[in-house]
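Chain by chain, the residues:
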Amino acid sequence: MANREDFHSMPGHLIRRAHQISVAIFMEECAEHNVTPVQYACLSEIARQPGVDATRLAAAVAFDRSTLGNVLERLETKGWVDRRPSPEDRRVKLLHITQAGEQLLEAIEPAVVATQKRLLKPLAAADRKLFMRLIGELVEGNNDVSRAPLGRNETE
C-alpha cells in the first residue's frame, strides 16, 4: 500500500476546519442578532456602496450570484435592505441599507471584533500578522480558481 499523507494534516482539510470554526465562533458571538457571516458581509458592503447591484455585490463579497439572491431576500424580509429599481434599467435592482440595517451593523460590531480576536487567539501575538499575510497571499494567489472570485463581475 502506498504511503499516503494523513488528510488531517493537509492544507485543504485544515482550511475547511478553520472555516467551520470561524463560522461557529461568529454564530456564537452574534447569536442575539440573528445574522450569518454572509449576511453580515453583504450588509457591510451595501452600507459601503449604497445603490450597488446584486452582480457587483456578489463580486465584492466573493459569493456566487445565484445563491446571493436568497441571502438578499432574507435581508429584505428582516427589514435590513431595500431593493429599488435602477433609474437607467428598471430590471436592475439597486440595494440600499435601511435604518434598521445600519442599527444592526452598529450593534453587531463588538461581536464581530470579538469573533476575529477569538479566531486568532490560539496564535502567538507575533504570529497573527504573519498568519494574516500568508492566508491573504494564499487566497489572492488562488482567487481565479474560486467558484466566486473576489472582484470579478459575472454577467447576469
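Reading guide: rules and limits
- Residues numbered from 1 in each chain as written.
- Predicted model: local features only at pLDDT ≥ 70, side-chain atom pairs only at ≥ 80, totals over all residues.
- Heavy atoms only, no water.
- Salt bridge = Lys/Arg side-chain N within 4 Å of Asp/Glu carboxyl O.
- Helix = DSSP H or I, 4+ residues; strand = E, 2+ residues; numbered from the N terminus.
- Buried < 20%, exposed > 50% of the residue type's maximum accessible area, 1.4 Å probe, protein only.

Student: How should I be thinking about the pattern of salt bridges in this particular structure?
Tutor: Oppositely charged side chains may form a pair once their charged atoms are brought near each other. One pass over the structure, following the stated rule, counts eight salt bridges. Close ionic contact of Arg48 with Glu45 constitutes a salt bridge, the shortest N to O distance being 2.9 Å. Separated by three residues within a single helix, Arg48 and Glu45 lie in helix H2 (residues 37–48), roughly one turn from each other. In this structure Arg48 comes out as exposed when scored by relative accessible area, which is 60%. Across the salt bridge formed by Arg83 and Glu76, the nearest N and O atoms sit 3.1 Å from each other. Given a relative accessible area of 28%, Arg83 falls into the partly exposed group. Glu76 gets classed as partly exposed once you look at its relative accessible area, which sits at 33%. One network of salt bridges, in which partners are shared, links Glu28, Glu29 and Arg118.

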